[in-house]
Amino acid sequence: MARIVILGAGISGHTAALHLKRQLKNEHEVVVVSPNADWNWIPSNIWVGVGKMTTSQVTFALAPIYRRKRIDFRQAKAVTIWPEGDETNPMGAVEIVYTDAKRQGQTELLRYDFLINATGPKLNFEATPGLGPDHNSWSVCTAEHAAKTSEAFAEIVAALRRGEKKTLVVGMGHGSCTCEGAAFEYAFNVEHELRQAGVRDKAEVVDLSNEYELGDFGVDGMKFSQNGYLTNSKIWTESLFRERNVKAILGAHVERVDPDTVHYEQLDGSKGSINYDFAMLLPPFRGVGLKAFDRSGQDITEEVFAPNGFLRVDADYSAKPYEDWSAADWPKTYQSPLYDNLFGIGIAFAPPHPISRPRTSVNGTVISPAPPRTGMPSGVMGRVVAENIAHRLRTSSTTGPKTASMATMGAACIASAGANLRTGSAAAMTMFPIVPDYQKYPLTGRDTKSTTGEIGRSGHWTKLLLHYLFIYKARALPGWYLIPE
Amino acid sequence: MDNVNQDIANAPLPTRRTLKTRQSLAYQLLRFALFNVRMLRMVGKGHE
């Protein structure tokens, strides 16, 4: 009987766990290690952040699901891996520290036959002085953060109703952030709620981003075929900004967040600042900080992980200029090149490079979106790695047959622009593939038939439908596996 | 870098007809169906 240990129970890790259990039944052991007791449908945190949903609508307890599915659940965080085993035992091991009330602080060494690192990001608020809900700005990265943010937002709306004028800044809290789409969503949901409250005229809404131009979204922008023309996501997004009177500060790296001022540097080297009354700024991501040691106890962290803390996988990490980037640089199996039983999926794998053109300011500051790894590809990675491990266990082979490169996979991104069945809307986009492949699609890098964008009420309905569908799926209710990732 | 707000100010605005179709129940029901079919096709394509 083999033991497969999955670190993390987010979209990627939880998907991997459910598929593994479905494929392997009780023949092999599936263990999930997660410091959080709950699963969170992160895309809907935006709505929690403006008070349209509660935390209970976007989270549920993991333990009962895993109990029902006979998946061994440890509420703990992983700290160290020994991919070669240790002096006493050559079997791979991971050290975990329990975070549940009963065993808080206790450590345990879990041996594994396969290890899937699906730990997601460390929310690196510390990268920018003053950033984060413990300091001067709000966040929607977790359901709890979003709930507190909605309280602060409600106070702003109350002040606006009293006739006060306010400035709301939404965006990126560092030059190397990802999740530009999420910040866009939050900005436009805020704008929508201000209009619904009848106070829009008293509020200035500003999107502060590290994108070079609007519509980049960390994927180097998109080209859409519309009415016989190839238009681009820059114009499309600018149009929405104009329509809704949202201002923008672009190409910005936030240096510091004071209680009422955000200080930033821009690509031309100029320094700027904006006074605010409410700021929701996302943090940059890095790996959770796992360490790795070889059998003799030597630190091999730098060989196993990239400098940003994400796991090196089967990607081409050689340094190359943007013009030489290729779809082939991107991983397919998410397998460590050093250990064939170690995988990194979702946000936990180290991308070979960004998707958007990298830029630095004239002072050398990186001001460039990191590549997004959104829900859809993360779920697919989880499923494919699970299926490959199951295949290997059944056939005793050393590789699995399936691949899940972001350069051959598409994604749908529904950026909510207001949560209401009648008055809401969303910018609904599809892109294929996620990572542009200029060899296959020389004109735009993507298939223009499958790369589309439209704004309308139906986008909101789709996002709401996906909310219910994916929570149903994650709860492993009957037929869950019929809902595609 | 205020070019961006200049670009925003010069961006095309949707026509009245476009604004109506964005909210039209019948039209949006059709767009909902088509978008979800497109999404499923794309998911299937990526899973091959």
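Summary of the structure given here.

### Focus on the overall build of chain B
Item 1. On a plain count of helices and strands, chain B comes out with three helices and zero strands.
Item 2. In sequence order, chain B lays out its α and β elements as α-α-α.
Item 3. Reported as C-alpha extents along the three principal axes, the dimensions of chain B are approximately 45 × 30 × 10 Å.
Item 4. Every one of the 48 residues in chain B was classed for burial, and the buried ones make up 17%.

### Some details on the sheet that holds strand 10 (residues 166-172) of chain A
Strand pairing in a sheet is mediated by backbone hydrogen bonds. Such pairs are either parallel or antiparallel.
Residues and elements named next belong to chain A.
Item 1. Ordered by their spatial adjacency, four strands build an open sheet running 14-11-10-18, and the pairing between neighbours is parallel. Where the open sheet ends on each side, the last strands, each with one partner, are strand 14 (246-249) and strand 18 (278-282). The mean angle between the axes of side-by-side strands here comes to 20 degrees, regardless of whether they run parallel or antiparallel.
Item 2. With four bridges connecting them, strand 11 (residues 203-208) and strand 14 associate as parallel partners. Following the sheet pairing, Val205 is matched in strand 14 by Val246.
Item 3. Against the sheet, helix 6 (residues 180-196) engages strand 10, strand 11, strand 14 and strand 18, with an angle of about 160 degrees to strand 10.

### Some remarks on unusual backbone geometry
Working note: non-glycine residues mostly have negative phi, and peptide bonds are mostly trans.
Residues and elements named next belong to chain A.
Item 1. In the segment running from Phe432 into Pro433, the intervening peptide bond is cis, with an omega of -5 degrees.
Item 2. Phi angles above zero are rare outside glycine, and Asp220 is one such case at about 65 degrees.
Item 3. Among the structural elements, Asp220 can be located in the loop between strand 11 and strand 12 (223-226).
Item 4. By C-beta crowding, Asp220 is classed as buried, having 21 other C-beta atoms within 10 Å.

### As for helix 5 (residues 143-161) of chain A
Residues and elements named next belong to chain A.
Item 1. The end-to-end C-alpha distance of helix 5, which contains 19 residues, comes to 27 Å, matching closely the 27 Å that a straight helix rising 1.5 Å per residue would cover.
Item 2. For helix 5, the set of buried residues is Ala143, His145, Ala146, Thr149, Ser150, Phe153, Ile156, Val157 and Leu160. Seen from one end, helix 5 has its buried residues packed into an arc of 135 degrees, which puts them on one side. Across from the buried face of helix 5, at angles greater than 90 degrees, the exposed residues are Glu151 and Ala158.
Item 3. Phi for Gly163, located one or two positions after helix 5, is positive at around 105 degrees.

### Considering the packing of helix 1 (residues 11-24) of chain A against helix 9 (residues 375-395) of chain A
Residues and elements named next belong to chain A.
Item 1. Look at helix 1 against helix 9: their axes get within 8 Å of each other, and the N-to-C directions meet at 30 degrees. Taken as a pair, helix 1 and helix 9 cross one another with a handedness that is right-handed. Between helix 1, through Ile11, Ser12, Gly13, Thr15, Ala16, His19, Leu20, Gln23 and Leu24, and helix 9, the contact on the second element is made entirely by Gly375, Ser378, Gly379, Met381, Gly382, Arg383, Val385, Ala386, Glu387, Ile389, Ala390 and Leu393.
Item 2. By residue class, the composition of the contact of helix 1 with helix 9 is 10 nonpolar, nine polar and two charged.

### Topic: the sheet that holds strand 23 (residues 426-431) of chain A
Residues and elements named next belong to chain A.
Item 1. The antiparallel open sheet is built from three strands, whose spatial order is 22-23-24. In the strand order of this sheet, the two ends are held by strand 22 (411-416) and strand 24 (452-456), each with one partner. Geometrically, the sheet is characterised by an average inter-axis angle of 15 degrees between neighbouring strands, direction not taken into account.
Item 2. Of the pairings in the sheet, the one linking strand 23 to strand 24 comprises five bridges and is antiparallel in character. Its bridge partner lying in strand 24, Ala426 is registered against Gly456.

### Brief notes about the nonpolar core
Residues and elements named next belong to chain A.
Item 1. If you look at the biggest cluster of nonpolar residues, it comprises 153 residues, and the most contacted ones within it are Val5, Ile6, Val94, Ile116, Ile345 and Val385.
Item 2. Per-element accounting of this core gives the leading share, nine residues, to helix 9.
Item 3. The residues contacting Ile116, other than those within four sequence positions of it, are Ile6, Leu7, Gly13, Ala16, Phe343, Ile345 and Val385.

### Observations concerning the packing of helix 7 (residues 233-243) of chain A against helix 1 (residues 3-10) of chain B
Item 1. One can describe the packing of helix 7 of chain A onto helix 1 of chain B by two numbers: an axis separation of 7 Å at closest approach and a directional angle of 80 degrees. Between helix 7 of chain A and helix 1 of chain B, the interaxial angle falls into the category roughly perpendicular. On the side of helix 7 of chain A, the interface is formed by A:Glu238, A:Phe241 and A:Arg242, while helix 1 of chain B contributes B:Asp7, B:Ile8 and B:Ala9.
Item 2. For the contact of helix 7 of chain A with helix 1 of chain B, the class distribution of residues is three nonpolar, no polar and three charged.

### With respect to the interface of chain B and chain A
Item 1. Listed by partner, the interface residues are 23 residues for chain B and 31 residues for chain A.
Item 2. Those elements that provide at least two residues to the side of chain B that touches chain A are helix 1, helix 2 (16-23) and helix 3 (25-46) of chain B.
Item 3. Looking at the side of chain B that touches chain A, the element that brings in the most residues is helix 3 of chain B, giving 11 residues.
Item 4. The class makeup of the residues in the side of chain B that touches chain A is 13 nonpolar, five polar and five charged.

About the thresholds
Residues numbered from 1 in each chain as written. Chains lettered and ligands numbered in written order. Predicted model: local features only at pLDDT ≥ 70, side-chain atom pairs only at ≥ 80, totals over all residues. Helix = DSSP H or I, 4+ residues; strand = E, 2+ residues; numbered from the N terminus. Buried ≥ 20, exposed ≤ 12 C-beta atoms within 10 Å, placed from the backbone. Pairing = 2+ DSSP bridges. Axes fitted to C-alpha atoms, helices over the stretch in contact; angles between N-to-C directions. Contact = placed C-beta atoms within 7 Å. Expected span 1.5 Å × (residues − 1). Arc of directions from axis to C-beta. Left-handed = near helix turned anticlockwise from the far one by under 90°. Nonpolar A, V, L, I, M, F, W, Y, C, P; charged D, E, K, R; others polar. Core = buried A, V, L, I, M, F, W, Y, C linked by C-beta atoms within 7 Å. Parallel < 35°, antiparallel > 145°, perpendicular 65-115°, else oblique.

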